Amino acid sequence: MSGEAALGTPALVTAAWAEIARLAATQRADGSPPSSIRPLFAAAPDRFARFSRRLDGLLLDFSKTAIDDRVLAALLELARVQDVAGQRAAMAAGQAINATERRAVLHLALRAAPGEAYHQRGADGVIQPVATSVAETLARMRAFCAAVHGGTLRSPSGERFTDVVNIGIGGSDLGPAMVTRALWTPGAPLRAHYLANVDAHAWAALAPRLDPRRTLVLIASKTFTTQETMANAALVRDWLRAALGPDPALPLAALSTNLDAAAAFGIAPAHVFPFADWVGGRFSLWSTIGLSIALALGWEAFAALLEGARAMDAHFLAAPEEANLPLLLALVELWHVNGLGYPARAVLPYDERLARLTAHLQQLEMESLGKRVTLTGAALTRASGPVVFGEPGTNAQHSFMQLLHQGTTPVPCDILLVRAPDHAYAENHRMLLANGLAQAEALLRGKDAEAVRAEMAAAGASEAEITRLLPHKIFPGDRPSVTLILPRLSPFTLGQLVALYEHKVFCLGALWDINAFDQWGVELGKQLCGPLLAALAPGAPMTVGHDGSTAGLLRALQEG
Ligand code: F6P
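1. Some details on the pattern of salt bridges
Phase 1 of the analysis: Taken as a whole and judged by the stated rule, the model has 34 salt bridges.
Phase 2 of the analysis: The residue Glu 365 makes a salt bridge to Arg 345 at a minimum N-O spacing of 2.8 Å. Here the residue Glu 365 occupies a position in helix H15 (residues 357-369), and Arg 345 occupies one in strand E10 (residues 344-350), the gap between them amounting to 20 residues. Here Glu 365 matches Arg 345 in class, with each residue buried.
Phase 3 of the analysis: Of the charged contacts, one joins Lys 526 and Glu 523 as a salt bridge, the two residues approaching to 3.9 Å between their closest N and O atoms. Taken together, the residues Lys 526 and Glu 523, both in helix H21 (residues 523-535) and three residues apart, mark about one turn of the helix.
Phase 4 of the analysis: Accessibility expressed as a relative area gives 32% for Glu 523, which makes it partly exposed.
Phase 5 of the analysis: One salt-bridge network, in which partners are shared between bridges, spans Glu 333, Arg 345, Glu 365, Asp 414 and Lys 504.

Pasting the structure below:
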């Protein structure tokens, strides 16, 4: 293979993709199809050891996929010639790798160790250090938390705060909401609530549970222009005013890059917590957008979350390709999407506390990887990000797992297990773990006609009954899953886990040659919402220019 200088050249990249396609289309030497997994276990008793990796207490097992030595080598070769390592270095060096928005991508800097030097290198070539502003902002957040927790910062009515409401949507909601849901326990400093949807049923349900004299409100918005967030912020500000009197002493804080808009909304400068435009919304829970986490769980928990992410960053930046967890996770996905043509992936956390993880990953992965053109704007010739969906186990088993076991298209799963629980009900936890393992084993093992027949005969079924039910009771098996085990769910391990997926997304963006850091696809709906909002106003004239369906639906809504 050619040397370093040739990395990224079209011929090498084309050859690497061709090898992946060839392996995905060719029967193995033993005659098994390239998507089958069971023969790989039969052939290699040490398969688990060879296709799993450990990092600290974290275990990643991808042996229940159809990846064998040759496929792994081909995938790693693609990563090499696509220069994932070089692209990773460019990100860490603060280059403007988010080319369409001309921005650096530096969420790593938000969780850097003190003294670690990250720089922003703009499209104009100007290099600026970012560590100082990150450290200063963290110090301000910490002091703010200490004041709230210590009771030196109180509501204008003199009460101590018991609740924090985070008003934000997308990345300004999902990450913090997921983390506090995962780690909050009774006795934590504050209760946290998340208001995202412009549907005021959310606020109508939340407001009666809150006392405006004890509630601190955070307006979390990178742009401070997002329709839903600004509408909800206005509602909640009115609610505070009604109870506490007018501005400026209202217990409001802003988490944003748009300092002018925050000031115009009436937030006192001391309560504006900035972050930079090199923090993408879906990567922002580590920034001031995470303030609700620190307020609800305590500063130590937030610091440990950052530390966990930092540990994963260090691994991602330094570990060799074949041991690099984020890269391996990305390569497994690429094999499933591009090699085997699987269009979706299920995320199944076997931990109720991680109930919002899938929602967070949906934004992280689908907003990042749902792209149809390359970095240079050329049409992609192969599939990019899959549909991501999921629910906590065991609930998922009683809803959509039927399709995963017996539907027509395999859906790879991420099965997340936490070895030690934080409750005293050991028997339930054993059931939970057994269920997670059983799903992965069932997807892999399947059940053939012979086994179904033997089982039914042993249960006394007649031949006619066996014949009638046989096809319905067969499981094809050979359905892939990746299992991740965390030793325990803690701020540190959750930080590691989320950063693992963030870096997986980075790798896939690099492998697919797409910009994983913009999101132009959310804009058109926002644009079209403006005229429709006007058209729905009472007494508004019928607007023209809509398709027949939208015009008909508008009329139907106006009729009532
Ligand atoms: O509409 C999508 C989006 O821009 C996300 O990328 C972002 O996380 C979310 O909206 C919220 O944006 P903001 O933080 O600017 O309110």
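Next comes the rest of the account.
2. Focus on the site of the ligand
Phase 1 of the analysis: Among the 14 residues in the neighbourhood of the ligand, the closest are listed as Ser 172, Ser 221, Lys 222, Thr 223 and Thr 226.
Phase 2 of the analysis: The side chain of Thr 223 places a nitrogen or oxygen atom 2.6 Å from an oxygen atom of the ligand.
Phase 3 of the analysis: At 2.8 Å, a side-chain N or O of Glu 367 approaches an oxygen atom of the ligand.
Phase 4 of the analysis: Its free accessible area being 390 Å², the ligand has 87% of it covered by the protein chains.
Phase 5 of the analysis: Comparing atom positions with the cavity grids shows the ligand to sit within the largest pocket.
Phase 6 of the analysis: Class assignment for the residues of the shell around the ligand results in two nonpolar, nine polar and three charged.

3. Some thoughts on the domain arrangement of the protein
Phase 1 of the analysis: In terms of domain boundaries, the protein breaks down into domain 1 (10-91 + 319-445 + 480-518), domain 2 (131-302) and domain 3 (522-558).
Phase 2 of the analysis: One C-alpha centre belongs to domain 1, the other to domain 2, and the line joining them spans 34 Å.
Phase 3 of the analysis: Tallying the contact residues gives 25 residues for domain 1 and 14 residues for domain 2.
Phase 4 of the analysis: Regarding the contact of domain 1 and domain 2, the summed buried area is about 1,700 Å², with carbon and sulfur atoms giving 66% of it.
Phase 5 of the analysis: Area buried by domain 1 at its contact with domain 2 is led by Arg 356, His 360 and Gln 363, which between them contribute 31% of it.
Phase 6 of the analysis: Applying the counting rule to domain 1 against domain 2 returns two salt bridges.
Phase 7 of the analysis: Measuring nitrogen to oxygen at the nearest pair gives 2.9 Å for the salt bridge that ties Arg 282 to Glu 367.

4. A word on the packing of helix H13 (residues 299-318) against helix H20 (residues 491-512)
Phase 1 of the analysis: For the pair H13 and H20, interaxial distance at closest approach is 7 Å and the crossing angle is 40°. Relative to H20, the element H13 is oriented oblique. Considering the relative orientation of H13 and H20, their crossing is right-handed. Two secondary-structure elements touch here, H13 through Ala 301, Ala 304, Leu 305, Glu 307, Gly 308, Ala 309, Ala 311, Met 312, Asp 313 and Phe 316 and H20 through Pro 491, Phe 492, Leu 494, Gly 495, Gln 496, Ala 499, Leu 500, His 503, Phe 506 and Cys 507.
Phase 2 of the analysis: Broken down by class, the residue content of the contact of H13 with H20 amounts to 14 nonpolar, four polar and two charged.

5. As for the layout of surface pockets
Phase 1 of the analysis: The space that makes up the largest pocket amounts to roughly 810 Å³.
Phase 2 of the analysis: If you go around the largest pocket, you meet 34 residues; those closest to its centre are Thr 223, Thr 226, Gln 519, Val 522 and Lys 526.
Phase 3 of the analysis: The set of elements that each furnish at least two residues to the lining of the largest pocket consists of helix H10 (227-244), H15 and H21.
Phase 4 of the analysis: Roughly 510 Å³ of volume is contained in the second largest pocket.
Phase 5 of the analysis: Lining the second largest pocket are 21 residues, and of these Asp 351, Glu 352, Arg 353, His 423 and Leu 432 sit closest to its centre.
Phase 6 of the analysis: With five residues, the top contributor of residues to the lining of the second largest pocket is helix H17 (residues 426-445).
Phase 7 of the analysis: Across the lining of the second largest pocket, the residue classes break down as eight nonpolar, eight polar and five charged.

6. Some words on the environment of Leu 554
Phase 1 of the analysis: Following the sequence through the fold, Leu 554 ends up in helix H22 (residues 548-559).
Phase 2 of the analysis: If we ignore the near neighbours within four places in the chain, the residues touching Leu 554 are Leu 532, Ala 535, Leu 536, Met 542, Thr 543 and His 546.

7. A short note on the sheet that holds strand E1 (residues 52-55)
Phase 1 of the analysis: Pairing within the open sheet is mixed, and its six strands lie in the order E1-E2-E13-E12-E10-E11. This sheet does not close on itself; its edge strands, each paired only once, are E1 and strand E11 (387-389). Direction aside, neighbouring strands of the sheet carry axes that sit 15° apart on average.
Phase 2 of the analysis: Strands E10, E11 and strand E12 (413-420) of the sheet are contacted by H15, whose axis makes an angle of about 165° with E11.

8. Let's talk about the side chain of Asp 351
Phase 1 of the analysis: Tracing the backbone through its elements, the reader meets Asp 351 in the loop between E10 and H15.
Phase 2 of the analysis: A relative accessible area of 5% places Asp 351 in the buried class.
Phase 3 of the analysis: Of the polar contacts made by the side chain of Asp 351, one reaches the side chain of Arg 353; its length is 2.7 Å.
Phase 4 of the analysis: Beyond its immediate stretch of four places on either side in the chain, Asp 351 contacts Pro 392, Gly 393, Val 418 and Leu 489.

9. Details of the nonpolar core
Phase 1 of the analysis: Counting 118 residues, the largest nonpolar core has Leu 295, Trp 335 and Leu 494 as its most contacted members.
Phase 2 of the analysis: When residues in this core are grouped by element, the largest group, 13 residues, is from H20.
Phase 3 of the analysis: For this core, the domains that each give at least three residues are domain 1 (10-91 + 319-445 + 480-518) and domain 2 (131-302).
Phase 4 of the analysis: The next biggest cluster of nonpolar side chains, apart from the first, holds 23 residues, and it includes Trp 239, Leu 250, Leu 252 and Ala 262.

10. With respect to empty space enclosed by the protein
To locate leftover empty space, one rolls a probe as large as a water molecule over the atoms.
Phase 1 of the analysis: Scanning the entire structure with this criterion turns up four cavities of 30 Å³ or more.
Phase 2 of the analysis: Space inside the largest cavity adds up to approximately 70 Å³.
Phase 3 of the analysis: Along its surface, the largest cavity is lined by Leu 329, Val 332, Glu 333, His 336, Arg 345, Pro 412, Cys 413, Asp 414, Ser 481, Val 482 and Lys 504.
Phase 4 of the analysis: Listed by contribution, the elements that provide at least two residues to the lining of the largest cavity are helix H14 (325-339), E12 and strand E13 (481-488).
Phase 5 of the analysis: The element that contributes the greatest number of residues to the lining of the largest cavity is H14, accounting for four residues.
Phase 6 of the analysis: Class assignment for the residues of the lining of the largest cavity results in five nonpolar, two polar and four charged.

11. Here's the deal with the pairing of E10
Phase 1 of the analysis: Taking burial as the measure, the seven residues of E10 include seven buried ones, the bulk of the element.
Phase 2 of the analysis: Residues of E10 alternate between two faces, with Ala 344, Ala 346, Leu 348 and Tyr 350 on one and Arg 345, Val 347 and Pro 349 on the opposite face, all of them buried.
Phase 3 of the analysis: Both E10 and E11 contribute to a ladder of three bridges, which runs parallel. Across the sheet, Ala 346 pairs through a bridge with Phe 389, a residue of E11.
Phase 4 of the analysis: The β-α-β motif built from E10, the intervening H15 and the parallel element E11 has right-handed crossover chirality.
Phase 5 of the analysis: Examined bridge by bridge, E10 and E12 share five bridges and lie parallel to one another.

What counts and what doesn't
- Residues numbered from 1 in each chain as written.
- Predicted model: local features only at pLDDT ≥ 70, side-chain atom pairs only at ≥ 80, totals over all residues.
- Heavy atoms only, no water.
- Salt bridge = Lys/Arg side-chain N within 4 Å of Asp/Glu carboxyl O.
- Helix = DSSP H or I, 4+ residues; strand = E, 2+ residues; numbered from the N terminus.
- Buried < 20%, exposed > 50% of the residue type's maximum accessible area, 1.4 Å probe, protein only.
- Near = heavy atom within 4 Å.
- Polar contact = N/O pair within 3.5 Å; in protein donor to acceptor, adjacent residues only side chain to side chain.
- Areas by Shrake-Rupley, 256 points an atom, 1.4 Å probe, with all protein chains shown as cover.
- 1 Å grid on protein atoms, 1.4 Å probe; cavity = no way out; pocket = protein on both sides within 12 Å on 5 of 7 lines; lining within 4 Å.
- Sits in = over half its atoms within 2 Å of the grid points.
- Nonpolar A, V, L, I, M, F, W, Y, C, P; charged D, E, K, R; others polar.
- Domains from an automatic or database assignment.
- Contact = heavy atoms within 4.5 Å.
- Buried area = accessible area lost by both parts, 1.4 Å probe.
- Axes fitted to C-alpha atoms, helices over the stretch in contact; angles between N-to-C directions.
- Parallel < 35°, antiparallel > 145°, perpendicular 65-115°, else oblique.
- Left-handed = near helix turned anticlockwise from the far one by under 90°.
- Points joined across faces, edges and corners; volume = space filled by probe spheres on them.
- Pairing = 2+ DSSP bridges.
- Core = buried A, V, L, I, M, F, W, Y, C linked by side-chain atoms within 4.5 Å.
- Right-handed = clockwise from strand over helix to strand, strands pointing away.

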